[in-house]
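Structural features, examined
Single-letter residue listing:
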Amino acid sequence: MFRAFRTEVEAALTSGLEALDLPTDDLGIEEPPEDLTATLASSVAFRLASELETAPPQAAETVAEAIETEPYDYLGRVTTQGPYINFQTTHEYLQETVEAAQSTAYGQLPAQDESVVVEHTSANPTGPVHVGRARNPILGDAIANVLSMAGYDVERHYYVNDAGRQMAVFTWAYEKFDESDLDSEPARDRAEYDLVRYYRKGNSFLETADSEEEEAAEAEIAAIMQGLERGDAETYERVGQVVDTVLEGMKACLARLPAEFDEFVKETQFMRNSATEEIADRLKETEYAVYDEEAWQLELAEFGYDKSLVFRRSDGTSLYTTRDLAHHEWKFEQFDSAVTVLGEDHKLQAGQLQAALEILGNDTDRLDSVIYSYVNLPEGKMSTRRGTGIMLDDLLDEAIDRARAEVETRLEDRIRDDELNDDDIERIAHQVGIGAVRYDIVSKQPTKGITFKWEDALDFEAQSAPYIQYVHARCCGILDEADSEPARESVAATALSTPEEGELIEVLARFPAVVEEAADDLEPHQVASYTRDVAEAFNAFYRSCPVLTAEDDTTRQSRLALVAATKHTVANALDILGVEAPHSM
């Protein structure tokens, strides 16, 4: 309803300004300051005071008097407070909000008839997923979820780097060393933990070997890279065995979040079909191409980049960015638009890629890059190559263990009369523990760095995932005790007359608009912020408005409807964030 109300406010204010022969280019519509009791407000009087030759408060009164509300369903009274014009809602707005939110699909926007591919995670298949990279799948999955909720046809892709030097080193090391050469046992009984030991051994060998040994090893690594470049089937099979084995283990880790994908697109696909070679040939023909320092490069100063982009080495081999250009042109053929989630260390690469795509004649308005800062530990960043850092599996295990302990300590304080068995406790521990990790990460603006702290992520008293999840569980408990969810026809907005009820309805009404804005901005943290608003409004309602013991049946049924509306809103908002909504806690 909020989206429809906002449209009505825009139309009514525009008509009022036109009646006064005033400009309508900047309506100044915004959510009001906290001291204003209105659903929306306009600060247009600040801008128009000089044209009306009066002070802003008097300008606001003049404009308000010219606004007609009769043609509209949801726009009620128009008042002023100082320089602000305030727009109030009608009973129809409140009624239809609660009715609409009875649907389990509340917040789902109409189909947009636009396809979007969201590429995220895309971590090199060189070992276990570690905490430093955990933000990518969590953020990327939430972006895909909010776009889907906003009506877009979304596919989730993982771009597999199976052609770079790292994979050549990995393949070489896997074939050169035996189990007896390795320094440790696998940290977990899963493929990526087993094979990463070879990768680490290979890097250690290259760092400490004498010059003759290093030269021989580098020749073998170069041969693997050149074999991939010329399409040698045996080389593809050798590298593919390592890549696919490690990737299966990484998939198992990501599924715990969960972060799942519609397609794993391999980098070598664009080498084998000659798309990469064609890209390099086209770039060589452009005015930006130069041959310098024994490599073909693009000079991108015109696009704001002093550093040139190398797209073909002197030995004829391509680079990651060249292959990624072919990958992106393939995306443009398959989808209307593309979103890529990248770490901050790829910001330059993303900009150069976009410039190169523009040089190749692509419409780069169809491409968005979401850049995020990494998750750090207090002691600093982590490196898979050297084998340091906490893995995502470790983080999730610890989160579940801590959540389980917290749930068990709260058992005696539960007010619900349902009994939780061991399976229930384990289920809740997983929902709350993993939810706490996801929420803590996705709730921050992507460009802000995160230093991960257990006490913050798993603070059950602060405005964290458990705080939001408990609202859903409480709603479920009330509805369970009532034996049924109310029918739409039992809602009477006139019975929901307390300030707490009104505030909760106003917050619930905003949910579809929050989905729309978060999708437009590619910022799922807006949804996380919104869930805190819902939780605060619901808790105030819960403290002040008895539901099951309401004074009459109409009030009871209407409050039950408000509880059901909150339940559906919280469940769908948490689903966008990839956080489960527990039935009980």
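Residues numbered from 1 in each chain as written. Predicted model: local features only at pLDDT ≥ 70, side-chain atom pairs only at ≥ 80, totals over all residues. Heavy atoms only, no water.

Counting its secondary structure elements, the protein contains 21 helices and 14 strands. Projected onto the principal axes, the alpha-carbon positions of the protein cover approximately 85 × 65 × 40 Å. Taking all 585 residues of the protein together, 55% fall into the buried category. For the protein, long-range pairs separated by at least 24 residues make up 76% of all intrachain contacts whose partners lie at least 6 apart in sequence. Accessible area for the protein stands at about 25900 Å²; split by element, carbon and sulfur atoms hold 42% of it. Within the protein, the 119 negative side-chain charges are centred at a point lying 5 Å from the centre of the 50 positive side-chain charges. (Helix = DSSP H or I, 4+ residues; strand = E, 2+ residues; numbered from the N terminus. Buried < 20%, exposed > 50% of the residue type's maximum accessible area, 1.4 Å probe, protein only. Contact = heavy atoms within 4.5 Å. Areas by Shrake-Rupley, 256 points an atom, 1.4 Å probe, with all protein chains shown as cover. Lys, Arg positive; Asp, Glu negative; His and termini not counted. Charge placed at Lys NZ, Arg CZ, Asp CG, Glu CD.)

Turning our attention to the sheet that holds strand E12 (residues 367-372). Strand order in the open sheet formed by five strands is E7-E6-E5-E11-E12, and the pairing between neighbours is parallel. At either end of the open sheet lies a strand with only one pairing partner, and these are strand E7 (263-266) and E12. Along the sheet, successive strands turn relative to each other by an average axial angle of 25°, direction set aside. Running at roughly 155° to strand E11 (residues 337-343), helix H5 (residues 135-149) makes contact with strand E5 (115-119), strand E6 (153-160), E11 and E12 of the sheet. (Pairing = 2+ DSSP bridges. Axes fitted to C-alpha atoms, helices over the stretch in contact; angles between N-to-C directions.)

It is worth spelling out the pattern of salt bridges at this point. Scanning the model with the defined rule gives 32 salt bridges in all. The shortest N-O distance in the salt bridge between Arg197 and Glu179 comes to 2.9 Å. Placement of the pair is Arg197 in helix H7 (residues 191-208) and Glu179 in the loop between helix H6 (165-176) and H7, with a sequence separation of 18 residues. For Asp194, the salt bridge goes to Arg197, with nearest N and O atoms at 2.5 Å. Remark: Arg197 and Asp194 occur in helix H7; sequence separation between them is three residues, near one turn of the helix. Here the residues in one salt-bridge network are Arg188, Arg190, Glu192, Arg256, Asp393, Asp394 and Asp397, joined through shared partners. (Salt bridge = Lys/Arg side-chain N within 4 Å of Asp/Glu carboxyl O.)

The next point concerns a negative patch on the surface. On the surface, a cluster of negative charge is made up of Glu287, Glu302, Glu358, Asp363, Asp365 and Asp368. For Glu302, the position within the fold is in the loop between strand E9 (295-298) and strand E10 (309-312). (Patch = residues over 30% accessible without salt bridge, like charges linked within 9 Å, V, L, I, M, F, W, Y side chains within 5 Å.)

Another point: the environment of Ala19. Considering the arrangement of structural elements, one finds Ala19 in helix H1 (residues 2-19). For Ala19, a relative accessible area of 62% gives the class exposed. Taking the C-alpha atoms as reference points, Ala19 and Glu408, separated by 389 residues in sequence, lie 65 Å from one another.

Turning our eyes to something else, we now look at the sheet that holds strand E8 (residues 289-292). For sheets, the rule is that strands pair by backbone hydrogen bonds, running either parallel or antiparallel. Here we have three strands laid out as an open sheet, ordered E8-E9-E10, and antiparallel in their pairing. Single-partner strands in this sheet number two, and they are E8 and E10. Neighbour to neighbour, the strand axes of the sheet diverge by 40° on average, direction disregarded. Strand direction decides the pairing type here: E9 and E10, joined by three bridges, are antiparallel. Note on E10: the bridge partner recorded for Gln297 is Val310.

Time to look at the packing of helix H20 (residues 525-544) against helix H21 (residues 553-577). Remark: H20 packs on H21, axes separated minimally by 10 Å, with the N-to-C direction vectors making an angle of 160°. Compared by their axis directions, H20 and H21 come out roughly antiparallel. The two elements H20 and H21 cross, and the hand of that crossing is left-handed. Across from Val527, Ala528, Tyr530, Thr531, Val534, Phe538 and Phe541 in H20, the residues of H21 making contact are Arg559, Leu562, Val563, Thr566, Thr569, Val570, Ala573, Ile576 and Leu577. Broken down by class, the residue content of the contact of H20 with H21 amounts to twelve nonpolar, three polar and one charged. (Parallel < 35°, antiparallel > 145°, perpendicular 65-115°, else oblique. Left-handed = near helix turned anticlockwise from the far one by under 90°. Nonpolar A, V, L, I, M, F, W, Y, C, P; charged D, E, K, R; others polar.)

Further remarks concern the state of the cysteines. Under the defined criterion, the tally for this structure stands at zero disulfides. Summary of cysteine pairing: Cys545 is not part of a disulfide, and the nearest cysteine sulfur, belonging to Cys475, is at 13 Å. Looking at Cys545, the relative accessible area reads 1%, which means it is buried. (Disulfide = S-S within 2.5 Å.)

Before going further, it helps to spend a moment on the nonpolar core. The biggest cluster of nonpolar side chains holds 153 residues, and the ones touching the most others in it are Ile85, Phe87, Ile143, Leu147 and Trp172. Examining the composition of this core, we find that eleven residues originate from one element, H21, more than from any other. Once residues lying within four places of it in the same chain are set aside, the contact partners of Ile143 are Val118, Val339, Val341, Val370, Leu522 and Pro524. Counting 27 residues, the second largest nonpolar core, distinct from the first, contains Val265, Phe335, Ala355 and Ala356. (Core = buried A, V, L, I, M, F, W, Y, C linked by side-chain atoms within 4.5 Å.)

What follows concerns the packing of aromatic side chains. The tally for this structure, following the rule as stated, stands at 21 aromatic pairs. Through a chain of ring-to-ring contacts, three or more aromatic side chains come together here, namely Phe5, Tyr74 and Tyr93. (Phe/Tyr/Trp six-rings, centres within 6.5 Å; stacked < 30°, edge-to-face > 60°.)

Moving on, we come to the confidence of the model for the protein. Per-residue confidence for the protein averages 93 on the pLDDT scale, and 97% of its residues sit at or above 70. Predicted confidence for residues 381-387 stays below pLDDT 50, and this span has 25 contacts to residues more than four positions away or in other chains. (pLDDT = per-residue confidence, 0-100.)

Right, let's talk about helix H18 (residues 499-509) for a bit. An α-helical turn contains 3.6 residues, so a residue and the one three or four places further along point in the same direction. The buried fraction of H18 is high, at eight of eleven residues. Buried within H18 we find Glu501, Gly502, Leu504, Ile505, Glu506, Val507, Leu508 and Ala509. Next to the buried residues of H18 lie H1, strand E4 (84-89), helix H4 (91-100), helix H19 (511-521), H20 and H21.

Moving on, we get to the packing of H1 against H19. Two numbers describe how H1 lies on H19: the axes approach to 7 Å, and their chain directions differ by 80°. On the basis of the axis angle, H1 is roughly perpendicular to H19. Of the residues in H19, those in contact with Phe2, Arg3 and Arg6 of H1 are Pro512, Ala513 and Glu516. Taken together, the residues of the contact of H1 with H19 break down into three nonpolar, no polar and three charged.

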